[in-house]
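Here is what each chain is made of, one letter per residue.
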Amino acid sequence: MSVRKTKHEMPEQPPQERIKNFKEVPYGYTKEIAIEEAKRCLQCKNKPCMKGCPVEIDIPGFITCIAQGDFDKAAEVIKAKNNLPAISGRVCPYESQCEEECTLKKIGEPVGIGRLERFIADYEREKGKKPPKKPKSTGKIVAVVGSGPAGLTCAGDLARMGHAVTVFEALHDPGGVLMYGIPEFRLPKAIVKSEVEYVKSLGVAINYDVVVGKTIDVKELMEEYDAVFIGTGAGLPNWLNIPGENLDGVYSANEFLTRVNMMKAYKFPEYDTPVKIGRIVATFGAGNVAMDCARTSLRLGAEKSYILYRRTEAEMPARAEEIEHAKQEGVIFKLLTNPIRFIGDEKGILKEVEYLKMQLGEPDDSGRRRPVPIPGSEEKIPIDTALVAIGQSPNPLIPQTMKELKIGKHGNIIADDDGRTSVPGIFAGGDIATGAATVILAMGAGKRVARAIDTYLKNK
Amino acid sequence: MYEIIEKKVLSDTVKLMKIKAPLVAKKAQPGQFIILRIDERGERIPLTIADSDPKKGTITIIFLEVGKTTKQLGTLNVGDSLENFAGPLGMPSEVKKYGTVVCVGGGVGIAPLYPIVKALKESGNNVISILGAKTKDLLLLEKEIEAYSDEFYIATDDGSKGHKGFVSDVLQKVIDTQNVNMVMAIGPIIMMKVVSNLTKKYDIKTLVSLNPIMVDGTGMCGGCRVSIDGKTKFACVDGPEFDGHKVDYDNLMLRNRRFIHAEGEACKLAGAQ
Ligand SMILES: Cc1cc2nc3c(=O)[nH]c(=O)nc-3n(C[C@H](O)[C@H](O)[C@H](O)COP(=O)(O)OP(=O)(O)OC[C@H]3O[C@@H](n4cnc5c(N)ncnc54)[C@H](O)[C@@H]3O)c2cc1C
Ligand SMILES: Cc1cc2nc3c(=O)[nH]c(=O)nc-3n(C[C@H](O)[C@H](O)[C@H](O)COP(=O)(O)OP(=O)(O)OC[C@H]3O[C@@H](n4cnc5c(N)ncnc54)[C@H](O)[C@@H]3O)c2cc1C
Ligand code: SF4
Ligand code: FES
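In this report, we go over the structure that sits alongside the text. Because the structure is predicted, anything quoted here is derived from the model rather than measured.

Looking only at helices and strands, chain B has nine helices and 17 strands in total. Against the compact-globule benchmark of 19 Å for 273 residues, chain B has a radius of gyration of 18 Å, which places it among compact chains. Viewed in the frame of its principal axes, chain B has a C-alpha envelope of about 55 × 40 × 35 Å. Split into buried and exposed, the 273 residues of chain B put 55% on the buried side. Sequence-distant contacts in chain B: of pairs separated by 6 or more residues, those separated by 24 or more amount to 64%. Summing over all exposed atoms, chain B offers an accessible surface of approximately 11,400 Å²; the carbon and sulfur share of this is 51%. Averaged over its 36 positive side-chain charges, chain B has a centre that lies 2 Å from the centre of its 33 negative ones.

It is worth spelling out the sheet that holds strand β4 (residues 227–230) of chain A at this point. Residue and element names in this part refer to chain A. Across the sheet, five strands lie side by side as β3-β2-β1-β4-β16; this open sheet has parallel pairing. Of all the strands in the sheet, just β3 (205–207) and β16 (426–428) have a single pairing partner and so form its edges. Direction aside, the axes of adjacent strands within the sheet are offset by 20 degrees on average. In terms of strand pairing, β4 meets β16 through three bridges, oriented parallel. Residue Phe-229 lies in a different strand from β16, and its bridge partner there is Phe-427.

Next up on the list: the site of ligand 3. Taken together, the residues surrounding ligand 3 are Cys-41, Leu-42, Cys-44, Pro-48, Cys-49, Pro-60, Cys-102, Thr-103, Val-111 and Ile-113 of chain A. Grouping the constituent residues of the shell around ligand 3 by class yields nine nonpolar, one polar and no charged.

Moving on, we come to the sheet that holds strand β9 (residues 100–106) of chain B. Residue and element names in this part refer to chain B. What the seven strands build is an open sheet, ordered β12-β11-β10-β9-β13-β14-β17; its pairing is mixed. Two strands bound the open sheet, and with one partner strand each, they are β12 (163–164) and β17 (241–243). Inspection of the sheet shows strand β13 (residues 182–186) paired to strand β14 (residues 205–209) by four bridges, in the parallel sense. Residue pairing in the sheet places Val-183 in a bridge with Thr-206 of β14. With respect to the sheet, helix α5 (residues 167–177) is in contact with β9, β10 (126–133), β11 (151–156), β12 and β13, its orientation differing from that of β10 by roughly 155 degrees.

Conventions used here
Residues numbered from 1 in each chain as written. Chains lettered and ligands numbered in written order. Predicted model: local features only at pLDDT ≥ 70, side-chain atom pairs only at ≥ 80, totals over all residues. Heavy atoms only, no water. Helix = DSSP H or I, 4+ residues; strand = E, 2+ residues; numbered from the N terminus. Rg over C-alpha atoms; globule rule 2.2 N^0.38 Å. Buried < 20%, exposed > 50% of the residue type's maximum accessible area, 1.4 Å probe, protein only. Contact = heavy atoms within 4.5 Å. Areas by Shrake-Rupley, 256 points an atom, 1.4 Å probe, with all protein chains shown as cover. Lys, Arg positive; Asp, Glu negative; His and termini not counted. Charge placed at Lys NZ, Arg CZ, Asp CG, Glu CD. Pairing = 2+ DSSP bridges. Axes fitted to C-alpha atoms, helices over the stretch in contact; angles between N-to-C directions. Near = heavy atom within 4 Å. Nonpolar A, V, L, I, M, F, W, Y, C, P; charged D, E, K, R; others polar.

Structural data, given as structure tokens:
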């Protein structure tokens, strides 16, 4: 029997429709398509795909369950390794992880592993999750700082091991970037909330409005709790550092996305927080964050949404699917351009950006060819809004208020693979330790650190 | 949820509330602020901590009703609760012994000035306070601030109380007659700008407390960025207090008008309901 060479398509909202709403773009597989896609899997003995998965899901294991129509079993296999599959099934860069390693790539497209994971997570959610068994209490208590994917995963796993866990979150909603950063049309907030409910059903308590370092110090947490996990993420926006960046009309990606996603400015004035974008929007950068900004702008009514990036498409760090979706929706890519200044009108309101054209030179340390400016190639375009999406650095608040913690040169908390920091009993993981990375790496860190904390508590 | 346990109407548009928030009250220091959200759909707004009582676990806020959120807040009563109340945020005020300090407060900026006046006095400074408002009905906390001041002056735009004119006129007189070591100014941006320009001539250290539009208050969005000596700083984590001689006030005024159109719209709609 010969295998189909391409993945089954995932039905999705047509581009012209979806740029008018904030509803999720793909609808997901139906049962029938999922079974057909699962049947493409060769059940390789050496399981190469698993090596590409940061949380080591038994990929052929759950796929075979789907092929047999046993979706509940498939969910069990995934949940053994991943507490939040409805999230990773939507935002993981599969093409460079599990699917990259898939044997089928030798003859065509890999198995749609991400799509299958998403299908199972949605199936389970719609059906209503089984309440998990409560483990025997160990009598130990752990504080988790930050409710992003790292914190939530670590908290969930610790609770399953029988420890009592309290999460402290600075904002009024859980989820970190999942809630304030990634837009509704890519990761519906109801799904984030339902995954958070699952973590809570494991016995985890979440306290909001607690800015650790301000409301309460890490040291105080250390006195009260047997161990502390820090998962405060990389939330500090980087700037272009060019003239005009403080004009009215220039936002960091974080401010723009937080206003729209967490504060629901797209429903203003039904919700109280405003956002203002005008007709022409330019986003700087080409990662997932930049794609989210450019696509959100279209949905808020921008007539033109540009992405300005100083390298070429081959170097764009965004997930392949995001770039594809952005193109379909009409985002205009201006590649090999580097902004040099923002220009405002007499009132200080942004009206133009000036940039230089670039060309690719010699490869740099990262192996990517370095963009170099072409002298005299200055150009200007009129814009109403500029969104700066050129990366985030680790949150400085806790490092600033806890001098004993060793900090790396990028402001990250130094921690080993199991999250041990320079202070015994304090662990760290996710973006705060690695610098801005991915959801699944943050979850993977949360899992490893939970095991390390468990060991630490047993020996304490 | 954070309960309102006391409410005082200070004037038509200025209200005082004590909010139960034990964790915040335990840590609060002069110069810091909180961010609150009234309900699920609300905006996050920053307000300065005007006073705190760690024993009772309460925080006092004093606010001027300028738009949708502050007006809605003004309609709430004792027993009602706020959905969110996070703090204390920002760096505490630089309180130490300077010698003679002049504390200048304008409008609702008088409220955040109060705990600083108190702390400066308790640190052994000779405290001269100058309060200003459009008219005498808009003056706040006169008695409270006078109690901690060695000298106390008032200026009103219409002359209904104290000096007729601006706080900066009074400040000029003080500078002319005595040796001032530090000036602390909190109020409308234009007032802080004028005060800073004046003290710069005499090279008197001046601290101001800035109030840019904020979202998270944790250093994550950069919406609150201000330009200090040409460098970008986030008021919510690096401030809100800064060296008055280094602030780009014009940029701050500009950035605080960012959503003026939309806010007006929200207010009109809310008023129509
Ligand atoms: C717009 C955007 C799109 C992205 N898209 C993708 C994608 O498609 N795929 C992907 O894999 N990755 C994506 N990422 C990256 C991914 O979201 C992050 O790598 C991941 O969320 C990191 O998880 P974390 O738990 O370490 O931190 P975060 O998710 O940043 O969570 C940290 C939490 O800690 C809280 N916190 C911070 N300081 C304190 C404090 N002092 N006290 C208490 N709480 C505190 C924060 O409020 C936050 O809730 C995207 C990022 C952004 C911004
Ligand atoms: C650190 C800090 C401390 C503050 N302390 C106090 C305080 O103790 N008492 C008090 O009354 N106010 C204080 N403010 C200002 C207060 O946060 C704003 O008045 C409030 O956010 C307005 O919300 P609104 O929805 O009622 O008005 P909106 O409808 O949002 O706005 C109404 C008008 O106020 C302007 N405005 C909006 N936000 C601000 C702002 N942050 N600063 C100045 N003008 C603004 C708008 O441009 C508009 O003209 C403080 C601000 C900061 C940043
Ligand atoms: S590598 Fe591909 S074909 Fe092989 S087991 Fe994994 S998913 Fe199936
Ligand atoms: S309010 Fe968002 S960084 Fe200061």
